[in-house]
Amino acid sequence: MIELDTSGFWLSALMVALLVLPALAFAHLLKQNFKGRHRLIWVLIIIFLPFFGPILYFLIIKNYKKVNHLRKKIRQYRQQF
């Protein structure tokens, strides 16, 4: 029976994740309309938590967008009256 050494694959996948996830998070962060302080906080989180920071960013920003969209709708509704 032939044994395959998959440790190199998992190490490569981890290295790619450590490089690609922060890059994607930074690119997405630049497109967002954050205030200066919030953007700086996210940059620090992404830098100092290399794997979990970008994941945390994408999980939180998803909810942030929903809340901001809802706030805009409420503001528009109130302005009508």
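Everything that follows concerns the structure shown earlier in this document.
Sequence order as written defines the numbering, with residues in each chain counted from 1. The predicted origin of the model limits local features to residues at a pLDDT of at least 70 and limits the giving and counting of side-chain atom pairs to 80 or more, whereas totals for whole chains, interfaces and linings rest on all residues. Note that water and hydrogens are dropped before the side-chain values are worked out from all heavy atoms of the structure.

Novice: Would you take a moment to explain the overall build of the protein for this structure?
Specialist: Counting from the N terminus, the helices are the DSSP runs of H or I reaching at least four residues and the strands are the DSSP runs of E reaching at least two. The number of helices and strands found in the protein is three helices and zero strands. Beginning at the N terminus, the succession of helices and strands in the protein can be written as α-α-α. The C-alpha atoms of the protein give 19 Å as radius of gyration, which overshoots the globular expectation for 81 residues (12 Å, by more than 25%). Structurally, the protein occupies a C-alpha span of about 75 × 30 × 15 Å along its principal axes. The classification of residues rests on relative accessible area computed with a 1.4 Å probe and restricted to protein chains. Under 20% of the type maximum is buried, over 50% is exposed, and intermediate values are partly exposed. The buried share of the protein, taken over its 81 residues, is 15%. Only the protein chains shown count as cover for residues, with accessible areas throughout obtained via the Shrake-Rupley method and a probe of 1.4 Å. Accessible surface computed for the protein: about 7,200 Å², of which carbon and sulfur atoms make up 69%. Only C-alpha atoms enter the radius of gyration; for comparison, a globular chain is expected to reach 2.2 Å times N to the power 0.38, where N is the number of residues.

Novice: How should I be thinking about the packing of aromatic side chains in this particular structure?
Specialist: Remark: the centre distance and the inter-plane angle together describe each pair of aromatic rings, the angle taken between the planes. Geometry of aromatic contacts follows a simple scheme: Phe, Tyr and Trp rings, the Trp one being its six-membered ring, pair when their centres are within 6.5 Å, and the pair is stacked under 30 degrees between planes, edge-to-face over 60, tilted otherwise. One pass over the full model with this rule turns up four aromatic pairs. Judged by centre distance (5.0 Å) and plane angle (75°), the ring pair of Phe9 and Trp10 falls under edge-to-face. Judged by relative accessible area, which is 54%, Phe9 ranks as exposed. Measuring from centroid to centroid gives 5.4 Å for Phe51 and Phe52, while their planes differ by 80°, and the two rings are edge-to-face. Residue classification places Phe51 among the partly exposed residues on the basis of a relative accessible area of 28%.

Novice: I keep staring at the nonpolar core and nothing clicks. Help me out?
Specialist: Generally speaking, nonpolar side chains in soluble globular proteins are found buried as a group. Side-chain atoms within 4.5 Å are what join buried Ala, Val, Leu, Ile, Met, Phe, Trp, Tyr and Cys residues into a set we call a nonpolar core. Within the largest apolar cluster, seven residues are counted, these being Ala25, Leu29, Phe34, Trp42, Ile46, Tyr57 and Ile61. If you list the elements that add at least two residues to this core, you get helix H1 (7-31), helix H2 (36-48) and helix H3 (52-80). Here, two residues are considered to be in contact whenever any of their heavy atoms come within 4.5 Å of each other. The residues contacting Ile46, other than those within four sequence positions of it, are Pro22, Ala25, Phe26, Leu29, Gly53, Pro54 and Tyr57.

Novice: How do you make sense of the packing of H1 against H3 when you look at a structure like this?
Specialist: Two quantities define a packed helix pair, namely the angle between the helix axes and the distance between the axes. Where H1 meets H3, the axes come as close as 9 Å, and the angle between the chain directions of the two elements is 30°. Considered as vectors, H1 and H3 are oriented roughly parallel to each other. Regarding H1 and H3, the two cross each other, and that crossing is left-handed. Every residue of H3 that contacts H1 at Leu21, Pro22, Leu24, Ala25, His28 and Leu29 is listed here: Pro54, Ile55, Tyr57, Phe58, Ile61 and Lys65. We call Asp, Glu, Lys and Arg charged. Ala, Val, Leu, Ile, Met, Phe, Trp, Tyr, Cys and Pro are nonpolar, and the rest, Gly among them, are polar. Of the residues in the contact of H1 with H3, the class split is 10 nonpolar, one polar and one charged. Orientation is described by lines fitted to C-alpha atoms, with helices fitted over the stretch in contact, and by angles between N-to-C directions that extend from 0 to 180 degrees. By the definition adopted for this analysis, an angle is roughly parallel if under 35 degrees, roughly antiparallel if over 145, roughly perpendicular if from 65 to 115, and oblique otherwise. By convention the crossing between two helices is left-handed if the near helix lies anticlockwise of the far one by an angle smaller than a right angle, and right-handed if it lies clockwise.

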